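For reference, the chains in residue letters:
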Amino acid sequence: MDFLDTLYNEIIGFLGISQAWEIIKSGDYSSFRTFEGIQSLIFPIIPLLVLLEFILGLVYKKPQTKVYKVNFLIYVFNRFVGRFIAIAMVTLCIGWFEPYALINTGPTWYWFIYAYIVWEFGHFIYHYLGHKVRLFWCLHATHHVPEDMNLSVTYAHFFLQAPYADVIRTTVCLLLGVEPAMLFLIMFIDGTYGAFIHVGENMIKDARFGFLNKIMLTPSHHRVHHARNPLYMDTNFCNLLNIWDRVFGTYQEEQSDTKPEYGITRKVKSGNFIDVYFGEIIALARDVFHAPGIRNKLAYIFMPPGWSHTGEHNTSKIVRANYLANKSA
(Lines give C-alpha, C1' and ligand atoms only; values in the text may rest on other atoms or scores of the structure.)
Protein backbone atom coordinates (compact mmCIF):
# COMPACT_ATOMS: atom_id res chain seq x y z
CA MET A 1 0.00 0.00 0.00
CA ASP A 2 2.86 2.36 0.78
CA PHE A 3 4.22 1.81 -2.71
CA LEU A 4 0.82 2.43 -4.29
CA ASP A 5 0.34 5.58 -2.20
CA THR A 6 3.77 6.85 -3.26
CA LEU A 7 3.04 6.07 -6.91
CA TYR A 8 -0.34 7.81 -6.65
CA ASN A 9 1.23 10.91 -5.07
CA GLU A 10 3.96 11.02 -7.73
CA ILE A 11 1.39 10.83 -10.54
CA ILE A 12 -0.70 13.56 -8.93
CA GLY A 13 2.47 15.61 -8.41
CA PHE A 14 3.55 15.19 -12.03
CA LEU A 15 0.13 16.21 -13.31
CA GLY A 16 0.19 19.26 -11.01
CA ILE A 17 -3.39 18.76 -9.88
CA SER A 18 -2.87 18.23 -6.14
CA GLN A 19 -3.60 21.86 -5.19
CA ALA A 20 -6.71 22.05 -7.37
CA TRP A 21 -7.87 18.67 -6.05
CA GLU A 22 -7.63 19.91 -2.46
CA ILE A 23 -9.74 22.97 -3.31
CA ILE A 24 -12.35 20.77 -5.01
CA LYS A 25 -12.49 18.42 -2.01
CA SER A 26 -12.92 21.37 0.36
CA GLY A 27 -15.98 22.54 -1.57
CA ASP A 28 -14.81 26.17 -1.33
CA TYR A 29 -14.70 26.95 -5.06
CA SER A 30 -14.26 30.65 -4.35
CA SER A 31 -10.61 29.79 -3.67
CA PHE A 32 -10.15 29.51 -7.42
CA ARG A 33 -10.48 33.30 -7.58
CA THR A 34 -7.34 33.77 -5.45
CA PHE A 35 -3.80 33.83 -6.82
CA GLU A 36 -3.15 30.35 -5.35
CA GLY A 37 -6.36 29.10 -6.94
CA ILE A 38 -5.37 30.47 -10.33
CA GLN A 39 -1.97 28.81 -9.94
CA SER A 40 -3.64 25.50 -9.18
CA LEU A 41 -5.49 25.70 -12.52
CA ILE A 42 -2.38 26.66 -14.51
CA PHE A 43 0.03 24.06 -13.06
CA PRO A 44 -1.66 21.08 -14.82
CA ILE A 45 -1.60 22.69 -18.26
CA ILE A 46 1.92 21.65 -19.33
CA PRO A 47 1.74 18.03 -18.01
CA LEU A 48 -1.63 17.55 -19.71
CA LEU A 49 -0.25 19.01 -22.93
CA VAL A 50 2.68 16.58 -22.69
CA LEU A 51 0.21 13.68 -22.58
CA LEU A 52 -1.85 15.16 -25.43
CA GLU A 53 1.28 15.70 -27.52
CA PHE A 54 2.35 12.09 -26.94
CA ILE A 55 -1.11 10.82 -27.96
CA LEU A 56 -1.01 12.97 -31.11
CA GLY A 57 2.42 11.50 -31.84
CA LEU A 58 0.86 8.01 -31.72
CA VAL A 59 -1.94 9.17 -34.02
CA TYR A 60 0.52 10.70 -36.50
CA LYS A 61 2.84 7.69 -36.09
CA LYS A 62 5.58 10.04 -34.83
CA PRO A 63 5.64 9.14 -31.13
CA GLN A 64 9.35 9.99 -30.53
CA THR A 65 9.34 7.21 -27.91
CA LYS A 66 13.11 7.30 -27.38
CA VAL A 67 13.00 10.98 -26.45
CA TYR A 68 10.02 10.51 -24.13
CA LYS A 69 11.62 7.47 -22.45
CA VAL A 70 14.91 9.16 -21.60
CA ASN A 71 13.24 12.43 -20.55
CA PHE A 72 10.92 10.45 -18.26
CA LEU A 73 13.93 8.75 -16.65
CA ILE A 74 15.56 12.15 -16.17
CA TYR A 75 12.39 13.48 -14.54
CA VAL A 76 12.27 10.55 -12.11
CA PHE A 77 15.99 10.83 -11.30
CA ASN A 78 15.74 14.57 -10.67
CA ARG A 79 12.69 14.11 -8.43
CA PHE A 80 14.79 12.06 -6.03
CA VAL A 81 18.12 13.89 -6.32
CA GLY A 82 17.42 17.59 -6.80
CA ARG A 83 13.92 18.13 -5.49
CA PHE A 84 14.55 20.91 -3.01
CA ILE A 85 17.93 22.33 -4.03
CA ALA A 86 16.72 25.11 -6.35
CA ILE A 87 14.16 26.60 -3.96
CA ALA A 88 16.72 26.45 -1.15
CA MET A 89 19.24 28.40 -3.25
CA VAL A 90 16.63 31.05 -4.13
CA THR A 91 15.80 31.45 -0.43
CA LEU A 92 19.48 31.81 0.48
CA CYS A 93 20.02 34.39 -2.27
CA ILE A 94 17.10 36.45 -0.99
CA GLY A 95 18.63 36.50 2.48
CA TRP A 96 22.11 37.32 1.19
CA PHE A 97 21.51 39.87 -1.55
CA GLU A 98 18.19 41.66 -0.91
CA PRO A 99 19.81 44.06 1.63
CA TYR A 100 22.25 45.21 -1.09
CA ALA A 101 19.64 46.20 -3.70
CA LEU A 102 20.77 49.22 -5.71
CA ILE A 103 17.23 50.63 -5.99
CA ASN A 104 13.83 50.10 -4.34
CA THR A 105 10.83 49.00 -6.40
CA GLY A 106 7.15 48.56 -5.61
CA PRO A 107 4.12 46.44 -6.60
CA THR A 108 3.04 48.55 -9.58
CA TRP A 109 2.58 47.69 -13.26
CA TYR A 110 5.58 49.72 -14.39
CA TRP A 111 7.87 48.11 -11.82
CA PHE A 112 6.53 44.74 -12.97
CA ILE A 113 7.65 45.54 -16.54
CA TYR A 114 11.01 46.68 -15.18
CA ALA A 115 11.30 43.49 -13.10
CA TYR A 116 10.52 41.24 -16.06
CA ILE A 117 13.15 42.95 -18.23
CA VAL A 118 15.66 42.53 -15.38
CA TRP A 119 14.66 38.85 -14.99
CA GLU A 120 15.20 38.29 -18.71
CA PHE A 121 18.64 39.89 -18.37
CA GLY A 122 19.52 37.46 -15.58
CA HIS A 123 18.12 34.60 -17.66
CA PHE A 124 20.20 35.69 -20.64
CA ILE A 125 23.39 35.74 -18.53
CA TYR A 126 22.80 32.27 -17.06
CA HIS A 127 21.79 30.81 -20.42
CA TYR A 128 24.67 32.40 -22.32
CA LEU A 129 27.20 31.12 -19.80
CA GLY A 130 25.57 27.70 -20.05
CA HIS A 131 26.64 27.59 -23.69
CA LYS A 132 29.96 29.44 -23.48
CA VAL A 133 31.61 27.94 -20.37
CA ARG A 134 32.19 24.21 -20.72
CA LEU A 135 31.65 23.42 -17.05
CA PHE A 136 28.24 25.08 -17.20
CA TRP A 137 27.56 23.41 -20.54
CA CYS A 138 27.95 20.06 -18.76
CA LEU A 139 25.00 21.09 -16.57
CA HIS A 140 22.95 22.42 -19.48
CA ALA A 141 23.73 19.93 -22.26
CA THR A 142 21.29 17.30 -20.95
CA HIS A 143 18.51 19.68 -21.97
CA HIS A 144 19.87 19.91 -25.52
CA VAL A 145 20.58 16.24 -26.21
CA PRO A 146 17.02 15.20 -27.30
CA GLU A 147 16.94 14.75 -31.06
CA ASP A 148 13.38 15.95 -31.35
CA MET A 149 11.42 18.82 -29.84
CA ASN A 150 8.40 18.12 -27.68
CA LEU A 151 7.08 19.18 -24.28
CA SER A 152 8.82 16.30 -22.49
CA VAL A 153 12.12 18.13 -23.17
CA THR A 154 10.96 20.55 -20.46
CA TYR A 155 11.83 17.86 -17.91
CA ALA A 156 15.24 17.03 -19.40
CA HIS A 157 17.62 18.86 -17.06
CA PHE A 158 20.70 17.93 -15.08
CA PHE A 159 19.71 18.24 -11.42
CA LEU A 160 22.25 21.01 -10.72
CA GLN A 161 21.14 23.24 -13.59
CA ALA A 162 18.14 24.75 -11.78
CA PRO A 163 20.16 25.80 -8.70
CA TYR A 164 22.92 27.28 -10.91
CA ALA A 165 20.37 29.11 -13.06
CA ASP A 166 18.32 30.42 -10.16
CA VAL A 167 21.36 31.68 -8.26
CA ILE A 168 22.34 33.86 -11.24
CA ARG A 169 18.84 35.04 -12.13
CA THR A 170 17.79 35.66 -8.55
CA THR A 171 21.00 37.50 -7.66
CA VAL A 172 20.70 39.81 -10.68
CA CYS A 173 17.06 40.57 -9.85
CA LEU A 174 17.63 41.20 -6.15
CA LEU A 175 20.63 43.46 -6.68
CA LEU A 176 18.62 45.48 -9.20
CA GLY A 177 15.77 45.95 -6.75
CA VAL A 178 13.18 43.32 -7.70
CA GLU A 179 11.10 42.50 -4.63
CA PRO A 180 10.90 38.79 -3.64
CA ALA A 181 7.09 38.70 -4.07
CA MET A 182 7.41 40.09 -7.60
CA LEU A 183 10.31 37.73 -8.26
CA PHE A 184 8.26 34.63 -7.38
CA LEU A 185 5.39 35.82 -9.59
CA ILE A 186 7.76 36.28 -12.52
CA MET A 187 9.37 32.89 -11.87
CA PHE A 188 5.92 31.31 -12.05
CA ILE A 189 5.04 33.04 -15.33
CA ASP A 190 8.47 32.37 -16.79
CA GLY A 191 8.43 28.70 -15.78
CA THR A 192 5.02 28.12 -17.34
CA TYR A 193 5.84 29.87 -20.61
CA GLY A 194 9.35 28.40 -20.61
CA ALA A 195 7.79 24.94 -20.61
CA PHE A 196 5.30 25.81 -23.36
CA ILE A 197 7.96 27.00 -25.84
CA HIS A 198 9.17 23.40 -26.12
CA VAL A 199 5.91 22.37 -27.81
CA GLY A 200 6.56 20.06 -30.77
CA GLU A 201 5.33 19.92 -34.32
CA ASN A 202 2.86 17.15 -33.49
CA MET A 203 0.84 19.82 -31.69
CA ILE A 204 1.85 23.10 -33.40
CA LYS A 205 3.39 22.80 -36.86
CA ASP A 206 4.32 26.42 -37.53
CA ALA A 207 5.15 28.01 -34.18
CA ARG A 208 6.05 31.51 -35.41
CA PHE A 209 2.69 32.94 -34.25
CA GLY A 210 2.50 35.60 -36.95
CA PHE A 211 3.35 39.15 -35.87
CA LEU A 212 4.14 37.93 -32.34
CA ASN A 213 7.30 36.37 -33.75
CA LYS A 214 8.71 39.90 -34.06
CA ILE A 215 7.97 41.14 -30.57
CA MET A 216 8.41 38.10 -28.29
CA LEU A 217 10.14 34.75 -28.15
CA THR A 218 7.95 32.05 -29.70
CA PRO A 219 8.35 28.25 -29.81
CA SER A 220 9.83 28.77 -33.28
CA HIS A 221 12.67 30.82 -31.77
CA HIS A 222 13.27 28.13 -29.17
CA ARG A 223 13.33 25.40 -31.81
CA VAL A 224 16.12 27.40 -33.40
CA HIS A 225 17.90 27.55 -30.04
CA HIS A 226 17.76 23.75 -29.68
CA ALA A 227 19.03 23.14 -33.22
CA ARG A 228 22.59 22.10 -34.05
CA ASN A 229 22.54 23.60 -37.54
CA PRO A 230 25.56 25.96 -37.92
CA LEU A 231 23.21 28.88 -38.67
CA TYR A 232 21.27 28.32 -35.44
CA MET A 233 24.08 27.52 -32.99
CA ASP A 234 24.06 29.53 -29.74
CA THR A 235 21.20 31.89 -30.58
CA ASN A 236 17.94 32.95 -28.88
CA PHE A 237 18.95 32.72 -25.23
CA CYS A 238 15.93 34.64 -23.89
CA ASN A 239 12.70 33.06 -22.69
CA LEU A 240 9.72 35.38 -23.25
CA LEU A 241 11.07 38.80 -24.22
CA ASN A 242 13.79 38.55 -26.87
CA ILE A 243 15.06 42.06 -26.14
CA TRP A 244 18.48 40.95 -24.86
CA ASP A 245 19.13 38.66 -27.84
CA ARG A 246 18.60 41.67 -30.07
CA VAL A 247 20.82 43.87 -27.88
CA PHE A 248 23.71 41.37 -27.80
CA GLY A 249 23.41 40.10 -31.38
CA THR A 250 22.29 36.53 -30.63
CA TYR A 251 18.82 36.83 -32.20
CA GLN A 252 18.01 34.40 -35.02
CA GLU A 253 14.70 33.63 -36.71
CA GLU A 254 13.81 30.23 -38.10
CA GLN A 255 14.48 30.08 -41.84
CA SER A 256 12.04 28.27 -44.13
CA ASP A 257 14.92 26.66 -46.05
CA THR A 258 16.78 25.49 -42.92
CA LYS A 259 14.78 22.98 -40.88
CA PRO A 260 16.09 22.67 -37.32
CA GLU A 261 18.13 19.54 -36.62
CA TYR A 262 17.86 18.92 -32.90
CA GLY A 263 20.51 17.58 -30.57
CA ILE A 264 24.14 18.39 -29.86
CA THR A 265 27.22 18.05 -32.06
CA ARG A 266 28.80 15.31 -29.91
CA LYS A 267 27.77 11.84 -31.06
CA VAL A 268 25.33 10.66 -28.40
CA LYS A 269 23.58 7.38 -27.67
CA SER A 270 20.33 9.26 -27.31
CA GLY A 271 18.44 6.28 -25.91
CA ASN A 272 21.03 5.74 -23.17
CA PHE A 273 20.25 7.55 -19.90
CA ILE A 274 23.90 7.57 -18.72
CA ASP A 275 25.20 9.08 -21.96
CA VAL A 276 22.41 11.67 -22.11
CA TYR A 277 22.68 12.68 -18.46
CA PHE A 278 26.40 12.32 -17.70
CA GLY A 279 27.97 12.20 -21.18
CA GLU A 280 29.28 15.77 -21.27
CA ILE A 281 30.75 15.46 -17.77
CA ILE A 282 32.54 12.27 -18.80
CA ALA A 283 33.84 13.91 -21.99
CA LEU A 284 35.12 16.93 -20.02
CA ALA A 285 36.81 14.70 -17.44
CA ARG A 286 38.53 12.81 -20.26
CA ASP A 287 39.80 16.02 -21.89
CA VAL A 288 41.05 17.41 -18.57
CA PHE A 289 42.83 14.15 -17.76
CA HIS A 290 44.68 14.03 -21.09
CA ALA A 291 45.45 17.78 -21.32
CA PRO A 292 49.10 18.70 -20.74
CA GLY A 293 49.74 21.13 -17.86
CA ILE A 294 47.45 22.77 -15.35
CA ARG A 295 46.75 25.75 -17.61
CA ASN A 296 45.31 23.58 -20.36
CA LYS A 297 43.34 21.53 -17.85
CA LEU A 298 41.72 24.69 -16.46
CA ALA A 299 41.12 25.99 -19.97
CA TYR A 300 39.08 22.91 -20.85
CA ILE A 301 36.88 23.63 -17.83
CA PHE A 302 36.28 27.33 -18.46
CA MET A 303 36.69 27.84 -22.22
CA PRO A 304 33.74 27.25 -24.57
CA PRO A 305 32.79 23.73 -25.69
CA GLY A 306 34.90 22.83 -28.71
CA TRP A 307 38.06 24.54 -27.43
CA SER A 308 41.20 22.42 -27.83
CA HIS A 309 44.71 22.80 -26.43
CA THR A 310 46.02 21.81 -29.88
CA GLY A 311 44.60 25.00 -31.40
CA GLU A 312 42.15 23.04 -33.57
CA HIS A 313 39.14 24.76 -32.07
CA ASN A 314 35.64 23.74 -33.06
CA THR A 315 33.54 26.12 -30.98
CA SER A 316 30.05 27.14 -32.06
CA LYS A 317 31.27 30.67 -32.73
CA ILE A 318 33.86 29.42 -35.22
CA VAL A 319 31.50 26.89 -36.83
CA ARG A 320 28.77 29.51 -37.31
CA ALA A 321 31.20 32.17 -38.59
CA ASN A 322 32.62 29.73 -41.16
CA TYR A 323 29.13 28.77 -42.26
CA LEU A 324 28.04 32.38 -42.74
CA ALA A 325 31.28 33.24 -44.55
CA ASN A 326 30.85 30.33 -46.99
CA LYS A 327 27.19 31.17 -47.51
CA SER A 328 27.95 34.79 -48.43
CA ALA A 329 30.92 33.89 -50.66
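Residues numbered from 1 in each chain as written. Predicted model: local features only at pLDDT ≥ 70, side-chain atom pairs only at ≥ 80, totals over all residues. Heavy atoms only, no water.

Before going further, it helps to spend a moment on helix α9 (residues 161–175). Spanning 15 residues, α9 covers 21 Å between terminal C-alpha atoms, matching the ideal 21 Å at 1.5 Å per step. Most of α9 is tucked away, with 12 of its 15 residues classed as buried. Following α9 by one or two positions, Gly-177 has its phi on the positive side, about 90 degrees. (Helix = DSSP H or I, 4+ residues; strand = E, 2+ residues; numbered from the N terminus. Expected span 1.5 Å × (residues − 1). Buried < 20%, exposed > 50% of the residue type's maximum accessible area, 1.4 Å probe, protein only.)

The phi torsion at Asp-234 lies on the positive side, around 50 degrees, for a residue other than glycine. Among the structural elements, Asp-234 can be located in the loop between α12 (219–225) and α13 (243–248). Take Asp-234: its relative accessible area is 15%, and that puts it in the buried class. Phi at Asn-236 takes a positive value of approximately 55 degrees, unusual for a residue other than glycine. Mapped onto the elements of the fold, Asn-236 is located in the loop between α12 and α13.

For the rest of this paragraph, the subject is the nonpolar core. Trp-119, Cys-173, Val-178, Leu-183 and Ile-186 are the most contacted members of the largest nonpolar core, which totals 24 residues. For this core, the secondary structure elements donating two or more residues are α6 (85–97), α7 (109–132), α9 and α10 (180–196). Among the nonpolar cores identified, the runner-up in size contains eight residues, and Tyr-164, Ala-165, Ile-168 and Tyr-277 belong to it. (Core = buried A, V, L, I, M, F, W, Y, C linked by side-chain atoms within 4.5 Å.)

This next bit is on the layout of surface pockets. One number sums up the size of the second largest pocket: a volume of about 660 Å³. The wall of the second largest pocket is formed by 29 residues, among which Trp-137, Thr-265, Pro-305, Gly-306 and Asn-314 lie closest to the centre. Of all the elements in the fold, those that place two or more residues in the lining of the second largest pocket are α7, α8 (134–140), α14 (273–290) and α16 (316–328). Of all the elements, α14 adds the most residues to the lining of the second largest pocket, at four residues. The residue makeup of the lining of the second largest pocket, split by class, is 10 nonpolar, 10 polar and nine charged. (1 Å grid on protein atoms, 1.4 Å probe; cavity = no way out; pocket = protein on both sides within 12 Å on 5 of 7 lines; lining within 4 Å. Points joined across faces, edges and corners; volume = space filled by probe spheres on them. Nonpolar A, V, L, I, M, F, W, Y, C, P; charged D, E, K, R; others polar.)

With respect to the element layout, Asp-245 can be found in helix α13. Buried charge without a salt bridge: Asp-245, with Arg-246 as the nearest opposite-charge side chain at an N-O distance of 8.2 Å. (Lys, Arg positive; Asp, Glu negative; His and termini not counted. Salt bridge = Lys/Arg side-chain N within 4 Å of Asp/Glu carboxyl O.)

Moving on, we come to the pattern of salt bridges. Scanning the model with the defined rule gives nine salt bridges in all. Salt-bridge contacts for Asp-275 lead to Arg-266; the nearest nitrogen and oxygen are separated by 3.1 Å. Salt bridges sharing common partners tie together Glu-201, Lys-205 and Lys-259.

Time to look at the packing of aromatic side chains. All chains considered together, the criterion is met by 22 aromatic pairs. Aromatic pair Phe-124 and Phe-237: ring centres 5.7 Å apart, planes at 85 degrees, arrangement edge-to-face. Taken together, the residues Phe-124 in helix α7 and Phe-237 in the loop between α12 and α13 connect sequence positions 113 residues apart. Both residues of the pair, Phe-124 and Phe-237, count as buried. Between Phe-158 and Tyr-277 the ring centres are 4.8 Å apart and the planes differ by 35 degrees, which places this aromatic pair in the tilted class. Remark: Tyr-277 occurs in helix α14 and Phe-158 occurs in the loop between α8 and α9; sequence separation between them is 119 residues. A residue is classified by how much of its surface remains accessible, and Tyr-277, at 1% relative accessible area, is buried. An aromatic cluster is built from Phe-121, Phe-124, Tyr-128, Phe-237, Trp-244 and Phe-248, whose rings are joined through pairwise contacts. A cation over a ring is seen here: Arg-246 above Tyr-251, with NZ or CZ 3.9 Å from the ring centre. (Phe/Tyr/Trp six-rings, centres within 6.5 Å; stacked < 30°, edge-to-face > 60°. Lys NZ or Arg CZ within 6 Å of the ring centre and 35° of its normal.)

What follows is about the environment of Glu-253. Within the secondary structure layout, Glu-253 lies in the loop between α13 and α14. Between the C-alpha atom of Glu-253 and that of Thr-218, which follows or precedes it by 35 residues, the distance is 9.9 Å. A polar contact of 2.9 Å, which involves the side chain of Glu-253, links it to the side chain of Lys-214. (Polar contact = N/O pair within 3.5 Å; in protein donor to acceptor, adjacent residues only side chain to side chain.)

What follows is about the environment of Val-319. Checked against the element boundaries, Val-319 lands in helix α16. As a C-alpha pair, Val-319 and Leu-231 span 88 residues in sequence and 8.7 Å in three-dimensional space.

Further remarks concern the side chain of Arg-223. Looking at where Arg-223 falls in the secondary structure, it is placed in helix α12. Although Arg-223 is buried, it forms no salt bridge, and the closest oppositely charged side chain is Glu-201 at an N-O distance of 4.2 Å. Here Ile-204 takes part through its backbone oxygen, which lies 2.8 Å from a polar atom of the side chain of Arg-223. A polar atom in the side chain of Arg-223 sits 3.0 Å from the backbone oxygen of Lys-205. Excluding residues that lie within four positions of it along the chain, Arg-223 makes contacts with Met-149, Val-199, Gly-200, Glu-201, Ile-204, Lys-205, Ala-207, Pro-260 and Tyr-262. (Contact = heavy atoms within 4.5 Å.)

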